[in-house]
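Observations on the three-dimensional arrangement
Listed here are the chains, written in short residue letters.
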Amino acid sequence: MNPLLSRTGKYIAVLVFITLTATYFYFRFIGWSHPFAKLIGAYRYHVVTLGDYVRYKRDPNRFYDEHSAAGLTFDCHRIRDEFVKLSQSITSPELSISTETTVLREGSTLHLGDPSVSGSEAFAAWKSQVINLATIQHPNEAGHYGTVLQALFTFIRIHGRNADEEFSVDTKRASKFDACG
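Heads up: these notes are all about the structure in this document. Small disclaimer: the values here were computed from a predicted structure and weren't measured.

**A look at the packing of helix α2 (residues 50-58) against helix α4 (residues 76-89)**
As a packed pair, α2 and α4 sit with axes 9 Å apart at the nearest point and diverge in direction by 105 degrees. The pairing of α2 with α4 is recorded here as roughly perpendicular in orientation. Between α2 and α4, the contacting residues are Leu50, Gly51 and Tyr53 on the first element and Ile79, Glu82, Phe83 and Leu86 on the second. For the contact of α2 with α4, the class distribution of residues is 5 nonpolar, 1 polar and 1 charged.

See below:
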């Protein structure tokens, strides 16, 4: 007698089918980062650091291949916070970020405040630098400060010492879709 035609064989076949289906859906929807999820093509990699984001922007296909991921998820809030911390810890001649510059984030808006910038000429020069950084096409290096800034933020708002010294500018990609857009 054929084992698949017997009653016990049918029960075992149904149980095996249910087990495989349940395992698939577990790894597909619950166990995205589980190593076995790679076997069924359901592994999702969580991009949570600025370094990972820059590597992704440099070459998305290579990033997918390195992590054997079927999909990526981005923690944009954490990545933007890390960018803000980086901006506070450096002095950038491109952006005229000095040791007195305060860098904050509100959603996808980057705020730069510098109490040392006072007077219309100094503010106009700083404003010009921010406009250039936010709107011009930068080198195709994904790690370029301006490229990362445009990818992560839709607006940049600068604040000078005086109340009338405030300006907002849209970034070049403000209307384009991006992973953290």
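**Considering the side chain of threonine 154**
Relative to the helices and strands, threonine 154 resides in the loop between α6 (145-152) and β5 (155-159). Take threonine 154: its relative accessible area is 11%, and that puts it in the buried class. A distance of 2.9 Å separates polar atoms of two side chains, one belonging to threonine 154 and the other to serine 108.

**Topic: the pairing of strand β3 (residues 102-106)**
Where a strand is regular, its side chains alternate between the two sheet faces. Looking at chain direction, β3 and strand β4 (residues 109-113) are connected through 5 bridges and run antiparallel. Bridging across to β4, glutamate 106 finds its partner in threonine 109. Connecting β3 to the next strand, β4, in antiparallel fashion are 2 residues, including glycine 107 with a positive phi near 65 degrees.

Conventions and cut-offs
Residues numbered from 1 in each chain as written. Predicted model: local features only at pLDDT ≥ 70, side-chain atom pairs only at ≥ 80, totals over all residues. Heavy atoms only, no water. Axes fitted to C-alpha atoms, helices over the stretch in contact; angles between N-to-C directions. Helix = DSSP H or I, 4+ residues; strand = E, 2+ residues; numbered from the N terminus. Parallel < 35°, antiparallel > 145°, perpendicular 65-115°, else oblique. Contact = heavy atoms within 4.5 Å. Nonpolar A, V, L, I, M, F, W, Y, C, P; charged D, E, K, R; others polar. Buried < 20%, exposed > 50% of the residue type's maximum accessible area, 1.4 Å probe, protein only. Polar contact = N/O pair within 3.5 Å; in protein donor to acceptor, adjacent residues only side chain to side chain. Pairing = 2+ DSSP bridges.

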